[in-house]
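What follows is each chain in one-letter form.
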Amino acid sequence: MRLQLARPGNHVLDPDLYNQVFTVHGSTMMFLFGVPVMEAVAIYMVPLMIGTRNTAFPRLNAYSYWVYPTGGLLLYLINAVTSRRHGALAGDDPWGGDGLEWATSSPPPDYNFQHLPTVRGRSPLWEQGDDQPVVVGLRSDRREILVTRLIDAEPDHRDVLPDKAWTPLATAIATGVTFIGVIFTPWALPAGMILATIALVGWFWPKRDRPREWLEEQP
Amino acid sequence: MTRRPRIDVSALPSMAFGPKATLWWGVAAMLAIETTMFALLFATYYYLRGNEAVWPPGGRPPIGPATVCLALLLLSVPPMILVHLESGKKRSLRRMRFWLIVSMAIGLLALIARAAEFGELPFRWDHHAYGSIVWVTLGMHAIHLIASGGENILFVALLFKGPVEERHLLDLRLNAMYWYFVVAWAVAVYALIYLDPGAL
C-alpha cells in the first residue's frame, strides 16, 4: 500500500486489489493488532503487578495465542481465495459514493482533476447537475492553490506553494537527531533548535533563480 | 466535464494580506496555542500559590533587570508598528530597513536584560515549587523572545540581501504580529512574577 501511494498514478496494485488489501489491513490493525496487543500487555504485566507466577488459566492463554495466528492467517487466505473466484471487479466508484474522491479515476492521475471541481453541498456527486461549474485559469507551471473567502467561499486569490526543496527533510532529520540526543544530554535541545532553524531559514530564503515575476512589484 | 460552466480565476492576485491570507491563519493559530500555554502556566502559578502558606518562599526576585527588560520591550513596539505600516501602504524599503533595525536592536538589548534577570534570580528551579514555576514561565517567554528576536534579525538580513518579494511584506507584518504578542505577554509575565497580584 505504501508503494502504491508513494507516487500518484502508480500501478503496483490495481484498484480492486488495493481495496481488498486496504480492507484487510484495517481489519488486521483492529482485530489482530489493536485488541491482542492490549491482551498481550495484560498477560505480561498483570502477574507481575499482583505478584503471581502466571495468569489464572495458563493453558487457556496458550491455546488462545495459537488460535490467534491461525485465525489471522485464515482471514488472509480466505479473502485471497474467495475474491479471486467470486465477485465483480471494483471500478473507479464501486459504491456510488457522494464525495469528490470518487469522481476521479482509480488510481488518480498525477494532477487529480483536470479542472478544479466545485461543490454546492456536503454530497457533491449526489447533488450536482451538469451545470456545476469548474474552476479554470490556475497555472500549471508552478504550485498554485485557489484560496476562497472565509464567509461566502468566493475565489479570492491564488496562493503559491513552495517548490521542491531538501530543507524540510533536513528539518525533519534535525528534529529526529534532537529527540535522540536529549536522551543523553539536555544540550541536544538548543543544538537541535539551531540545526532546525538553519534548515528552516534555508527554506525561507528567496532563491536567486526564481522567475523575476514579483520583482516588478518591489517597493 | 468540458461543457460545464467555467469560473476563470487567472486574473486573481497571487497575494492577500490579513485574515484572507492562509499564512495569517497559521500564525494566528500558533499565537492561540502559545496563549493557551501561558494561560496554563499562570493557572499553575496560582494553583501553587494557593497551596503555600508563605508565598513567595524566601522573598521575591529583584525587580531591577526585569523592569529594564520590560521597558526596552515596550520601547521596541513603536518602531515595529512603523515597519508594520510601511509594509502595508507606503512600502518604502529604506524606512522599513531603518525601523526594523531599531526595533531589532532594542529587542536584543531586552534579551540581554532578560539574561541578567535570570542571573539575578535568588533561587534555582529545583529549590521549591515557586522557583520551578518562575523559571519555567520566564524561560518559556525567553524562548519566544529568542525566536522572535531571531526572526527580526532574519528579516533585517532579508531586507538588505533581497530580493524582496511582495510575499515578504506579508511575512514582515506577521513578524510584527508575533512581536506584539511577545511584548504583550512580557507585560503579563512581569505583572505575575514581580507584582504578584493576589486577587484572582
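Since this is a predicted model, take the numbers as computed values, not measurements. (Residues numbered from 1 in each chain as written. Chains lettered and ligands numbered in written order. Predicted model: local features only at pLDDT ≥ 70, side-chain atom pairs only at ≥ 80, totals over all residues. Heavy atoms only, no water.)

Assigned secondary structure in chain A consists of six helices and four strands. Listed N to C, the secondary structure of chain A is α-α-α-β-α-β-β-β-α-α in terms of helices and strands. Since a compact globule built from 219 residues should have a radius of gyration of about 17 Å, the 26 Å found for chain A marks it as more spread out than a globular shape. Residues classed as buried in chain A amount to 21% of the 219 residues present. Taken as a whole, chain A presents about 16500 Å² of accessible surface, with 65% of it coming from carbon and sulfur. One finds the centroid of the 18 positive side-chain charges in chain A at a distance of 11 Å from the centroid of its 22 negative side-chain charges. (Helix = DSSP H or I, 4+ residues; strand = E, 2+ residues; numbered from the N terminus. Rg over C-alpha atoms; globule rule 2.2 N^0.38 Å. Buried < 20%, exposed > 50% of the residue type's maximum accessible area, 1.4 Å probe, protein only. Areas by Shrake-Rupley, 256 points an atom, 1.4 Å probe, with all protein chains shown as cover. Lys, Arg positive; Asp, Glu negative; His and termini not counted. Charge placed at Lys NZ, Arg CZ, Asp CG, Glu CD.)

All names here are of chain B. At a minimum axis distance of 10 Å, the contact between helix H5 (residues 129-161) and helix H6 (residues 166-195) shows a crossing angle of 155°. By the angle between their axes, H5 is roughly antiparallel relative to H6. At the point where H5 passes H6, the crossing takes the left-handed sense. A per-class count over the contact of H5 with H6 returns 18 nonpolar, eight polar and two charged. (Axes fitted to C-alpha atoms, helices over the stretch in contact; angles between N-to-C directions. Parallel < 35°, antiparallel > 145°, perpendicular 65-115°, else oblique. Left-handed = near helix turned anticlockwise from the far one by under 90°. Nonpolar A, V, L, I, M, F, W, Y, C, P; charged D, E, K, R; others polar.)

Residue and element names in this part refer to chain A. Approximately 670 Å³ is the volume found for the second largest pocket. Residue lining of the second largest pocket: 30 residues in total, with Pro15, Tyr18, Asn19, Trp102 and Ser106 positioned closest to the centre. Top contributing element to the lining of the second largest pocket by residue count: helix H2 (residues 15-50), with eight residues. Residues belonging to the lining of the second largest pocket are distributed by class as follows: 14 nonpolar, eleven polar and five charged. (1 Å grid on protein atoms, 1.4 Å probe; cavity = no way out; pocket = protein on both sides within 12 Å on 5 of 7 lines; lining within 4 Å. Points joined across faces, edges and corners; volume = space filled by probe spheres on them.)

Here we take up helix H5 (residues 167-181) of chain A. The α-helix winds at 3.6 residues per turn, so residues separated by three or four positions along the chain end up facing the same way. The end-to-end C-alpha distance of H5(A), which contains 15 residues, comes to 20 Å, matching closely the 21 Å that a straight helix rising 1.5 Å per residue would cover. Buried positions along H5(A) lie against helix H6 (188-204) of chain A. (Expected span 1.5 Å × (residues − 1). Contact = heavy atoms within 4.5 Å.)

The next point concerns the confidence of the model for chain B. With 98% of its residues at a pLDDT of 70 or more, chain B shows a mean pLDDT of 89. Across the whole predicted complex the pTM is 0.77, and at the interface the ipTM reaches 0.76. (pLDDT = per-residue confidence, 0-100.)

Further remarks concern the pairing of strand S3 (residues 144-148) of chain A. Residue and element names in this part refer to chain A. Note that S3 and strand S4 (residues 155-160) share five bridges and pair antiparallel. When the sheet's bridge partners are listed, Glu144 is paired in S4 with Val160. Following S3, the chain reverses through six residues before pairing antiparallel with S4; Ala153 in that reversal takes a positive phi of roughly 60°. (Pairing = 2+ DSSP bridges.)

Residue and element names in this part refer to chain B. Taken as a whole, this structure holds 19 aromatic pairs over all chains when the rule is applied. Ring geometry for Trp55 and Tyr130: centres 4.9 Å apart, planes at 85°, overall edge-to-face. Residue Trp55 is located in the loop between helix H1 (22-50) and helix H2 (64-75), and its partner Tyr130 is located in helix H5; the two are separated by 75 residues in the primary sequence. Across the pair, Tyr130 and Trp55 agree in class, each one buried. An aromatic cluster is defined as three or more aromatic residues linked by ring pairs; in this entry it consists of Phe38, Phe42, Tyr178, Phe181 and Trp185. When the ring centre of Phe160 is taken as reference, the NZ or CZ atom of Arg97 above it lies at 4.6 Å. (Phe/Tyr/Trp six-rings, centres within 6.5 Å; stacked < 30°, edge-to-face > 60°. Lys NZ or Arg CZ within 6 Å of the ring centre and 35° of its normal.)

A word on the interface of chain A and chain B. Counting residues at the interface gives 35 residues for chain A and 34 residues for chain B. Of the roughly 3300 Å² buried at the junction of chain A and chain B (both faces included), carbon and sulfur atoms supply 63%. Two residues, Asp156(A) and Lys20(B), come together in a salt bridge whose shortest N-O distance is 3.4 Å. Elements represented by at least two residues in the side of chain A that touches chain B include exactly strand S2 (134-136), S3, S4 and H6 of chain A. When residues of the side of chain A that touches chain B are assigned to their parent elements, the largest contribution, six residues, is made by S4(A). Of the residues assigned to the side of chain A that touches chain B, the class counts are 18 nonpolar, eight polar and nine charged. As judged from the three bridges shared by S2(A) and strand S1 (residues 6-8) of chain B, these two strands associate in the parallel manner. Its bridge partner being in S1(B), Val135(A) is matched across the sheet by Ile7(B). (Buried area = accessible area lost by both parts, 1.4 Å probe. Salt bridge = Lys/Arg side-chain N within 4 Å of Asp/Glu carboxyl O.)

Residues and elements named next belong to chain B. Residues Leu73, Leu100, Val134, Leu138 and Leu172 are the most contacted members of the largest nonpolar core, which totals 61 residues. Among the secondary structure elements, those contributing two or more residues to this core are H1, H2, helix H3 (77-90), helix H4 (93-120), H5 and H6. Sorting elements by how many residues they give to this core places H6 first, with 18 residues. If sequence neighbours within four positions are ignored, Val134 has contacts with Leu121, Phe123, Gly139 and Ile193. (Core = buried A, V, L, I, M, F, W, Y, C linked by side-chain atoms within 4.5 Å.)

Turning our attention to the sheet that holds S2(A). The strand order across the open sheet formed by three strands is S1(A)-S2(A)-S1(B), and the pairing between neighbours is mixed. Edge positions in the sheet fall to strand S1 (116-117) of chain A together with S1 of chain B, since each of these pairs with one other strand and no more.

Glancing now at the environment of Val46(A). All names here are of chain A. Mapped onto the fold, Val46 is located in helix H2. We classify Val46 as partly exposed; its relative accessible area is 36%. Taking the C-alpha atoms as reference points, Val46 and Ala88, 42 residues apart in sequence, are found 48 Å from one another.

This next bit is on empty space enclosed by the protein. Rolled over the atoms, a probe as big as a water molecule pinpoints where empty space is left. All names here are of chain B. Going through the model one piece at a time under the given rule, you end up with two cavities of 30 Å³ or more. Estimates place the volume of the largest cavity at around 70 Å³. Looking at the largest cavity, the residues that line it are Ala66, Cys69, Leu70, Leu73, Arg114, Glu117, Leu138, Ala186, Val189, Tyr190 and Tyr194. Counting only elements with at least two residues in the lining of the largest cavity, the list comes to H2, H4 and H6. Within the lining of the largest cavity, the residues separate by chemical class into nine nonpolar, no polar and two charged.

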